[in-house]
Each structure stands twice: as structure tokens, then as C-alpha cells.
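The primary structure of each chain is shown beneath.
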Amino acid sequence: MSGDTLRFRFGLRPLAEVRPWGSHVANLHWFGLTDGWYWVEAGGHQLLRYRDEAVARWDLERPYPDYYVVRLWEDLLTLRWALHEPVPDDLIDLVADTHPPREWPDEWSDAVDAAIDLEGDHSLYLSYLTNAPVLTFWRHITDGQDLVSVGQRIRSAGECYFEGPERLVVTVPTEEFFAAVADLDRRLIAAMGERVAELERTGPPPDVELDLEQLRLEHGQRAEWLARRLATPRHVDWAKVRAGVAEMAAWPLRADDGTEPDD
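Rules and cut-offs
- Residues numbered from 1 in each chain as written.
- Predicted model: local features only at pLDDT ≥ 70, side-chain atom pairs only at ≥ 80, totals over all residues.
- Heavy atoms only, no water.
- Core = buried A, V, L, I, M, F, W, Y, C linked by side-chain atoms within 4.5 Å.
- Buried < 20%, exposed > 50% of the residue type's maximum accessible area, 1.4 Å probe, protein only.
- Helix = DSSP H or I, 4+ residues; strand = E, 2+ residues; numbered from the N terminus.
- Contact = heavy atoms within 4.5 Å.
- Polar contact = N/O pair within 3.5 Å; in protein donor to acceptor, adjacent residues only side chain to side chain.
- Phe/Tyr/Trp six-rings, centres within 6.5 Å; stacked < 30°, edge-to-face > 60°.
- Lys NZ or Arg CZ within 6 Å of the ring centre and 35° of its normal.
- Axes fitted to C-alpha atoms, helices over the stretch in contact; angles between N-to-C directions.
- Parallel < 35°, antiparallel > 145°, perpendicular 65-115°, else oblique.
- Nonpolar A, V, L, I, M, F, W, Y, C, P; charged D, E, K, R; others polar.
- Salt bridge = Lys/Arg side-chain N within 4 Å of Asp/Glu carboxyl O.

Q: Would you mind showing me how to read the nonpolar core here?
A: The nonpolar side chains of a soluble globular protein tend to be buried with one another. Within the largest apolar cluster, 57 residues are counted, with the highest numbers of intra-cluster contacts made by Leu6, Phe8, Phe137 and Phe177. Among the secondary structure elements, those contributing two or more residues to this core are strand 1 (6-12), strand 2 (35-42), helix 1 (52-58), helix 2 (69-82), strand 5 (134-142), strand 6 (145-153), strand 7 (167-173) and helix 5 (174-202). The contact partners of Leu6, leaving out residues within four places of it in the chain, are Val40, Glu41, Ala42, Val150, Val172, Glu176, Phe177 and Ala180. Ile92, Ile116, Met248 and Trp251 belong to the second-largest nonpolar core, a separate cluster that totals 17 residues.

Structural data, given as C-alpha cells:
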């Protein structure tokens, strides 16, 4: 668990190759200008790396998700906030994607909603990727050490598009996880600052609408997102979450086919 075993990596597509939005009027904005690639380096593994077959099938430029880097950044800010405090030992199965799958009823209580929310706060949202792995992050105290574990589960249903073992857990000191999120934040904001400044010098591409004043304003706001998120109080009603987990434990077990329930 030595330093530099966890990094969030990304690359931005060259500005001239960024794809505008809009079917009638082409336009660009801060979100769209983060067009690029991203992946996670953890314990010598590259998470979210596509297999060679998927690269060839989709004719990918790089073996990583080709998407807007801002999505990774936004979701990691939420994860950083959620990991303000460790998860109690009796709830780790919930957030670590290791609790047994259940048959979902038509209705459930607010306590179950609280448990679902906690589980969601500890997972990286990747539903926009085809058959994406499940990536979970949870903070825990083990043998007196403050740690963050990163879990990956390659889905068993459907075709496998991503590299890696079916189950993988990499554990690092909590401060290393915090530093990795802060590093991503610094690098993305710096790279986008350069992109905004370049567009201010050159103007938008031909036939593309871009509000440069709004772009600069949003960039300044985005640069403060991490600090503002961490300054927001977080309170988890652990008793309510436990009640939700107990309610779910009474539901019938189901065969795990790698799919997720419709919440």
C-alpha cells in the first residue's frame, strides 16, 4: 500500500477534433469540451480498460472509455464527499457490492431508500457505458489503519468488453485516495483553463455557437466545486440504513445474472 498506487487518468481530445453538440445548431460548452478518454490505475491494474476485441469491434482510438471526462470528475467529487467518514463494518457488504442479490418487491420503505442511496454514493456511475464493470469505493478502519478499498466486478451477463479479473479489490491509505481525487481535480481544471484561454484567443470554431463569457464563468465555478462539495455537511442516518438493510435481507434471494434491479 505504498504511495502512488491509485491514479485517475484522462486525456482530452485535441480541440480541433472535439465534436459539437446539437442536431440543428452546432454548439459547445464546458461539459462538451471535456471530450476525451479516462481510466483508473489501481494496484498495477488499469480499470476501465477495454479488451482488444472491443477496441477492434468499435474501432476505438484508445482502449478506454471515449466520453466526457467531466462525468468521471463529477462522480469522483461525490465519492470523495461520501468517504468523509468510514463505513461501519456491518454495512461494508452493502457498499462493497458483496451483498447477495434479492428479488425486488413492488414497494419498499424509506429505510430501503436510505440504504440504496448509501450504496449509490459509494459506486462510480457508469451506466452510459455498454456492460460496464461495477466500480465501488468504501472507507473503512482495519487493524487501526484508515483505508479506502476500490472494488471492481466484471459483469457476468452478456459479452465481456473490459480487461481484468472478474473480482478485484485494491486497498490504499485513505489519504492516498483523497490525494488522487485532488490530483484529478487540479489536472482537469488546469487543462480546461488552457482550453478556455485558447478559445478566448481564437474564438469558437466556424459555424459553432459558443458563449465565451459563460464558458469563463462556468470554468471559474467548476474550479471551486471540490472545495464547495467538501464544505457541505454530510450526515448519514446509520440506524435508518441498517433498518433498510434488514428489510432487504428478508426478500427472497435471486440468481445473480449480472444485471441490476430497476430502482
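What follows continues from the structure just given.
Q: In this structure, what is going on with the side chain of His219? I would like to understand it.
A: Counting through the fold element by element, His219 comes out in helix 6 (residues 212-222). Only 3.1 Å separates the side chain of His219 from the side chain of Trp30, close enough to count as a polar contact. Setting aside residues up to four positions removed in sequence, His219 forms contacts with Trp30, Ile189, Met192, Gly193 and Val196.

Q: Quick question: what am I supposed to make of the packing of aromatic side chains here?
A: For any pair of aromatic rings, the description rests on two quantities: the centre-to-centre distance and the angle between the ring planes. Following the criterion strictly, the structure yields 19 aromatic pairs and no others. The interplanar angle of 85° and the centroid separation of 6.3 Å between the aromatic rings of Phe8 and Phe177 together place this pair among those described as edge-to-face. In this pair, Phe8 is assigned in strand 1 and Phe177 in helix 5, connecting sequence segments 169 residues apart. Site record: aromatic cluster; members linked through ring pairs are Trp21, Phe31, Tyr67, Tyr68, Tyr125 and Tyr128. Directly above the aromatic system of Trp81 lies the positively charged group of Arg229, at a separation of 4.6 Å from the ring centroid.

Q: Would you mind going over the packing of helix 4 (residues 110-121) against helix 8 (residues 238-249) with me for this structure?
A: For any two helices packed against each other, one specifies the inter-axial angle together with the distance between the axes. At a minimum axis distance of 7 Å, the contact between helix 4 and helix 8 shows a crossing angle of 105°. When the axis of helix 4 is compared with that of helix 8, the two are roughly perpendicular. For the pair formed by helix 4 and helix 8, the contact residues are Asp110, Ala111, Val112, Ala114, Ala115 and Leu118 on the first element and Trp238, Lys240, Val241, Ala243, Gly244, Val245, Glu247 and Met248 on the second. Residue composition of the contact of helix 4 with helix 8, by class: 10 nonpolar, one polar and three charged.

Q: Even after reading the chapter, I still don't get the pattern of salt bridges, so can you show me in this structure?
A: Pairing between side chains of opposite charge can happen when the charged atoms of each approach one another. Using the criterion set out here, one finds 20 salt bridges in the structure. A salt bridge links Asp75 to Arg71; the shortest N-O distance between them is 3.4 Å. Of the two residues, Asp75 and Arg71 both sit in helix 2, four residues apart, roughly one turn of that helix. The exposure classification of Asp75 matches that of Arg71, with both residues buried. One network of salt bridges, in which partners are shared, links Arg13, Arg19, Asp35, Glu61 and Asp66.

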